[in-house]
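# Structural description and commentary
Residues per chain are reported as follows:
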Amino acid sequence: MAVAASEACIARQPRDAMQPPASAGSAALDLDEKITPTDLKLLQSNPSTETRAQFAAKFGRQYDAFSATSSKEFADTILYHLAKDVEVTVRQALAETIAESLDLPNAIAMELGTDDIDIARPVLERSAVLQDPQLTEIIQSQADYYAFAIAGRQTISEDVSDSLIASENTDTIVRLLNNEGASFSEDGLLRLATDFAGNSHIQEHLVKLPNLPPDVVDRLIDGIGETLEWDLITSRSIEPTEARRLVNAMKGQASKALAKRSAAQLAGSDDLQDRMAKGVLNPLDILSFLRDGNVGKFEIALSTIAKVDLKHTRRLLYNLDKRAIAALCLRANMGTPQYMAIRMALDLADSGVSDVHAKRVKYPLKTTRFVQDQYERLRKDEKTIRQFF
């Protein structure tokens, strides 16, 4: 344990950096006090695992203060020996308390970051000393637990994000997608949208990312159409007869907007509320109801997820101001691709009825971009969203 070096390190501390010695008969270190010569004597006389772990935790909390003085060389000597301790509990106590130190030598950070996962986790999650190439190396060479820990870092660069996606581990990718400090490259997002199209856990979180690149949104919309086997979405077009069917169903429901709900509607609402409570009602269900022309269930499901009264949900759906639909979908925590699919279906149906002479009515790319931008702008505009509720 290099106690002599430790004593020398402490001896060279400024006097005001040290607290009065603890009682010589103390059986354990006082973790709230600064390291004292008494601590070192106790460590020398009783070098048990517990005492070493207590010392490691205490030292880790004070390492930055030691590094700021002329004793850094001695502090690093102690650090080196603690990081090499044969006992896992000692190394773990050190890692927990020193993980956020900006003075932590890179080599020690790397050593702790590739140690047993319980030791590595705090360093991988919190240490700013580790650089992107080192994090990438750890992701590629270590078990999935290490990548999962890295996915929880406060900030994650595009390069590290790409490496985490390449790990192909669902839990790691989901944690990454839920990390507000993560940055994503367009290639990485496209890979998630394409290679993991059948992974509902990943897709559920991917679609909710803000400011997705247009190409990624397009691919996700295609995926929604393929999942639901909905040609209207994947082809971005609709036949006038299909448009009339959908619009007539909408108008039939809209005419009942202010009427008292029927017993069937109440039963349907209760069923969807139950599914919502069990976590088995999701945005794809809403789209499937719309695809099947079951507008009543579509409205009730959207109302249920958004936690908005059914009458008000209908007012928003059939509002001339299209921002009302966007606000409703944002309240339902829908991702941009899911909103785009709903908006596209409604717009195409309306266009198809208006242009009855066309064989198929297409949804213009320019309109797609405009609708997407509008949704993303509204996402950041809480004041406008509140106006609709």
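Here is a short report on the structure shown in this document. What you see is a predicted model, and the numbers here were worked out from it, not measured in a lab.

## Quick look at the overall build of the protein chain
Of regular secondary structure, the protein chain possesses 24 helices and two strands. In the protein chain, which comprises 389 residues, the share counted as buried stands at 49%. In the protein chain, the share of contacts with a sequence separation of at least 24, taken over all contacts with a separation of at least 6, comes to 65%. Just so you have it, the protein chain exposes about 18700 Å², and 49% of that area is on carbon and sulfur atoms.

## A word on the environment of Phe 289
Among the secondary structure elements, Phe 289 is positioned in helix α18 (residues 283-291). For Phe 289, the contacting residues outside a window of four places in its chain are Leu 272, Arg 275, Asn 294, Lys 297, Phe 298 and Ala 301.

## A few points about unusual backbone geometry
Trans is the common state for peptide bonds, and a negative phi is the common state for residues other than glycine. The phi dihedral of Lys 307 is positive, around 60 degrees, even though this residue is not glycine. Note on placement: Lys 307 falls in the loop between α19 (295-306) and α20 (310-317). With a phi close to 60 degrees, Asn 333 is a non-glycine residue in the positive phi region. As for its position among the elements, Asn 333 is in the loop between α21 (323-331) and α22 (336-354). For Asn 333, a relative accessible area of 46% corresponds to the partly exposed category.

## With respect to helix α10 (residues 158-166)
Residues Val 160, Ser 161, Ser 163, Leu 164 and Ile 165 constitute the buried set of α10. Those residues of α10 that are buried are in contact with α8 (132-141), α9 (144-150), α11 (170-177) and α12 (186-195). One or two steps after α10, the chain reaches Glu 168, where phi turns positive at roughly 60 degrees.

## Remarks on the pattern of salt bridges
A side chain with one charge may pair with a side chain of the opposite charge, provided their charged atoms come close. Taken as a whole and judged by the stated rule, the model has 23 salt bridges. A salt bridge links Arg 360 to Asp 231, with the nearest nitrogen and oxygen atoms 3.1 Å apart. Here Arg 360 is found in the loop between α22 and β2 (361-362), whereas its partner Asp 231 is found in helix α15 (residues 231-234), with 129 residues between them in sequence. Exposure remark for Asp 231: the relative accessible area of 44% places this residue in the partly exposed category. In this structure, the salt-bridge partner of Asp 321 is Arg 323, at a minimum N-O distance of 2.8 Å. On the basis of relative accessible area, Asp 321 is assigned to the partly exposed category, the value being 26%. The network of salt bridges with shared partners includes Asp 218, Asp 222, Arg 236 and Arg 369.

## Side note on the nonpolar core
Within the largest apolar cluster, 116 residues are counted, with the highest numbers of intra-cluster contacts made by Phe 59, Leu 164, Leu 192, Leu 206, Leu 290, Phe 298 and Ile 342. No other element matches the nine residues that α22 contributes to this core. Setting aside residues no more than four positions away along its own chain, Phe 59 makes contact with Ile 35, Phe 66, Ala 75, Ile 78, Leu 79, Leu 82 and Leu 94.

## Quick word on helix α5 (residues 88-98)
Every buried residue of α5 is accounted for by Val 90, Arg 91, Ala 93, Leu 94, Ala 95 and Ile 98. Buried residues belonging to α5 abut α3 (49-67), α4 (72-83), α6 (106-113) and α7 (117-126).

## As for the packing of aromatic side chains
The full count for this structure, using the stated rule, is four aromatic pairs. Ring geometry for Tyr 339 and Tyr 375: centres 4.1 Å apart, planes at 10 degrees, overall stacked. Taken together, the positions of Tyr 339 in helix α22 and Tyr 375 in helix α23 (residues 365-379) put the pair 36 residues apart, joining distant regions of the chain. Through a chain of ring-to-ring contacts, the aromatic side chains of Phe 55, Phe 59, Tyr 63 and Phe 66 assemble into a single cluster. We note Arg 175 situated over the ring of Phe 148; from NZ or CZ to the ring centre the distance is 4.6 Å.

## Some details on the packing of α3 against α5
Contact geometry for α3 and α5: axes closest at 8 Å, N-to-C directions at 15 degrees. Compared by their axis directions, α3 and α5 come out roughly parallel. Note that α3 runs across α5; the crossing there is right-handed. Residues Thr 49, Arg 52, Ala 53, Ala 56, Ala 57, Phe 59, Gly 60, Arg 61 and Tyr 63 of α3 touch α5, and the partners they reach there are Thr 89, Val 90, Ala 93, Leu 94, Thr 97 and Ile 98. Counted by class, the contact of α3 with α5 contains nine nonpolar, four polar and two charged residues.

Reading the values: rules and limits
Residues numbered from 1 in each chain as written. Predicted model: local features only at pLDDT ≥ 70, side-chain atom pairs only at ≥ 80, totals over all residues. Heavy atoms only, no water. Helix = DSSP H or I, 4+ residues; strand = E, 2+ residues; numbered from the N terminus. Buried < 20%, exposed > 50% of the residue type's maximum accessible area, 1.4 Å probe, protein only. Contact = heavy atoms within 4.5 Å. Areas by Shrake-Rupley, 256 points an atom, 1.4 Å probe, with all protein chains shown as cover. Salt bridge = Lys/Arg side-chain N within 4 Å of Asp/Glu carboxyl O. Core = buried A, V, L, I, M, F, W, Y, C linked by side-chain atoms within 4.5 Å. Phe/Tyr/Trp six-rings, centres within 6.5 Å; stacked < 30°, edge-to-face > 60°. Lys NZ or Arg CZ within 6 Å of the ring centre and 35° of its normal. Axes fitted to C-alpha atoms, helices over the stretch in contact; angles between N-to-C directions. Parallel < 35°, antiparallel > 145°, perpendicular 65-115°, else oblique. Left-handed = near helix turned anticlockwise from the far one by under 90°. Nonpolar A, V, L, I, M, F, W, Y, C, P; charged D, E, K, R; others polar.

All we've got here are geometric facts, nothing functional implied.
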